[in-house]
Every structure is written in C-alpha cells, then in structure tokens.
Amino acid sequence: MTADQLASLPLKELRALAAGRGIARSAKLSKDELVAALQTALGGERREPPAPASAPAGSSAPPQPGQAWQPAPRDYGLAVPDAYGRDRL
C-alpha cells in the first residue's frame, strides 16, 4: 500500500493493520506515526504470491515440472499378523 492509501484509511483500520503486523504500542500512536510505521513494515514485504509447495513423495498430486515421479513407500506401518482375519468367529 502507498502512503496515500494508508492515510485514507480510518484510524481504527490503521491500528488493526499495525496490530496484525506486530507494531508495538499501535494503540498509542497518532495517525501519521501509524502511517509511517506501516510503510516501514510493508516496505520489506514481497509483492508476488508465494510459490506453491511441492507435494510430498507418495501423494496423489502430479509431479511438478522438473520433479521426478516417485512410487509410494513400501512401509505401510505395523506388520499384519499371518492369522489376521482367519481366527475370527
């Protein structure tokens, strides 16, 4: 946001933005001080959206470009007893 956009916001919204950004004592700052503090806090923020996270191995998501396909791991957890299902009534 630009300084003009921040200055056009009501003081209540500026304080909410400042509190969300972790600016200390935002309730006691004047509107001009809040605008300056928010400009500093927002100045280092990235403007482009974050890159999507790659899916873990064995998931059902298709592989991303440049990522090789990997089969699901063979470790399914605890071992199943040999008599499982046969000794039931």
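Structure: above.
Along every chain, residues carry numbers that run from 1 in the direction the sequence is written. Note on the predicted model: pLDDT of at least 70 is required for a residue's local features to be given, and 80 or more for side-chain atom pairs to be given and counted; whole-chain, interface and lining totals, by contrast, use all residues. Side-chain measures were taken over the full set of non-hydrogen atoms in the model, leaving aside hydrogen atoms and water.

**Points about the environment of Gln39**
Inspection of the secondary structure assignment puts Gln39 in helix α3 (residues 31-43). Accessibility expressed as a relative area gives 37% for Gln39, which makes it partly exposed. In this structure, the C-alpha to C-alpha distance between Gln39 and Thr2, residues 37 residues apart in sequence, is 7.5 Å. The contact criterion used throughout is that any non-hydrogen atoms of two residues lie within 4.5 Å. If we ignore the near neighbours within four places in the chain, the residues touching Gln39 are Ala3 and Leu6. Labels follow the DSSP assignment, with helices taken as runs of H or I lasting at least four residues and strands as runs of E lasting at least two, numbered in each case from the N terminus. Working definition: with a 1.4 Å probe on protein chains only, accessible area under 20% of the residue-type maximum means buried, over 50% means exposed, and in between means partly exposed.

**Points about the side chain of Ser26**
Within the element layout of this structure, Ser26 appears in the loop between α2 (11-20) and α3. Look past the residues within four positions of Ser26 in its chain and what remains in contact with it is Arg15, Ala18, Ala19 and Leu34.

**So, the nonpolar core**
For our purposes a nonpolar core is just a set of buried Ala, Val, Leu, Ile, Met, Phe, Trp, Tyr and Cys residues, chained together by side-chain atoms within 4.5 Å. Grouped together as the largest cluster of nonpolar side chains are ten residues: Leu6, Leu9, Leu14, Ala18, Ile23, Leu29, Leu34, Val35, Leu38 and Leu42. Where this core is concerned, the elements lending two or more residues are α2 and α3. If you tally residues by element for this core, the top one is α3, at four residues.

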